[in-house]
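# Descriptive analysis of the structure
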Amino acid sequence: LFFVVPKITKNRDLAEAAINFFASDQMQKEIGVKIGELSVNSPKVAPDVAAVQPEWAKVYPVQPADFDKIGYYPYTFYDKNSDKIQKIWDREILRKA
């Protein structure tokens, strides 16, 4: 999972606060331990999740070195396509909710 905030968002502070909350070590650990179906983005808590969810540990990165191997689209890709991302988000996610 990943989140982006369009440049022209109406409430950037709220969007960034939500992302920071979701990405916090505490929340990532809760998601991993209680749900066990999503990866966590924190190398600090991944070993704790793996201890509780051994099947999870077979699929997702657990050790810090595992996280070093993950690749992402460059942020310039998201920036270049931010208008399209926003339109799709508004049309497909927000309006159908």
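See the structure shown above.
Residues numbered from 1 in each chain as written. Predicted model: local features only at pLDDT ≥ 70, side-chain atom pairs only at ≥ 80, totals over all residues. Heavy atoms only, no water.

### Describing the overall build of the protein chain
For the protein chain, the count of helices and strands is 7 helices and 0 strands. Secondary structure elements of the protein chain occur, N-terminal to C-terminal, as α-α-α-α-α-α-α. Relative to a compact globule of 97 residues, whose C-alpha radius of gyration would be 13 Å, the protein chain shows 16 Å and is clearly more extended. Looking at the protein chain as a whole, 16% of its 97 residues are labelled buried. Of the contacts formed within the protein chain by residues at least 6 apart in sequence, a portion of 17% connects residues at least 24 apart. (Helix = DSSP H or I, 4+ residues; strand = E, 2+ residues; numbered from the N terminus. Rg over C-alpha atoms; globule rule 2.2 N^0.38 Å. Buried < 20%, exposed > 50% of the residue type's maximum accessible area, 1.4 Å probe, protein only. Contact = heavy atoms within 4.5 Å.)

### Concerning the packing of helix α1 (residues 12-23) against helix α2 (residues 25-34)
At their nearest, the axes of α1 and α2 sit 5 Å apart, and the two run at 55° to each other. The pairing of α1 with α2 is recorded here as oblique in orientation. Contacts between α1 and α2 pair Phe21, Phe22 and Ala23 from the former with Asp25, Met27, Gln28 and Ile31 from the latter. Partitioned by chemical class, the residues of the contact of α1 with α2 number 5 nonpolar, 1 polar and 1 charged. (Axes fitted to C-alpha atoms, helices over the stretch in contact; angles between N-to-C directions. Parallel < 35°, antiparallel > 145°, perpendicular 65-115°, else oblique. Nonpolar A, V, L, I, M, F, W, Y, C, P; charged D, E, K, R; others polar.)

### Digging into the pattern of salt bridges
All told, the structure shown has 7 salt bridges when counted by the stated rule. Between lysine 44 and aspartate 25 there is a salt bridge, with the nearest N and O atoms lying 3.0 Å from each other. Of this pair, lysine 44 sits in the loop between α2 and α3 (46-52) while aspartate 25 is found in helix α2, placing the two residues 19 residues apart along the sequence. Residue classification places lysine 44 among the exposed residues on the basis of a relative accessible area of 64%. Owing to a relative accessible area of 28%, aspartate 25 belongs among the partly exposed residues under this scheme. One salt bridge connects lysine 58 with glutamate 55, and the closest N-O pair in it is separated by 3.2 Å. (Salt bridge = Lys/Arg side-chain N within 4 Å of Asp/Glu carboxyl O.)

### Describing the nonpolar core
Membership of the largest hydrophobic core is limited to 8 residues, which are Val40, Val45, Ala46, Val49, Ala50, Trp56, Val62 and Phe67. Element by element, the count of residues in this core is highest for α3, at 3 residues. Not counting chain neighbours up to four residues away, the residues in contact with valine 40 comprise Gln28, Gly32, Val45, Ala46, Val49, Trp56 and Phe67. (Core = buried A, V, L, I, M, F, W, Y, C linked by side-chain atoms within 4.5 Å.)

### Points about the packing of aromatic side chains
Here the structure, examined in full by the defined rule, presents 2 aromatic pairs. A centroid spacing of 5.5 Å and a plane angle of 35° characterise the contact between tryptophan 56 and tyrosine 60, whose relative ring orientation is tilted. The class of tryptophan 56 is buried, set by a relative accessible area of 2%. Here tyrosine 60 falls in the partly exposed class, since its relative accessible area comes to 24%. Between phenylalanine 77 and tyrosine 78, the ring centres sit 5.6 Å apart and the planes meet at 80°, which makes this aromatic pair edge-to-face. For tyrosine 78, a relative accessible area of 14% corresponds to the buried category. (Phe/Tyr/Trp six-rings, centres within 6.5 Å; stacked < 30°, edge-to-face > 60°.)

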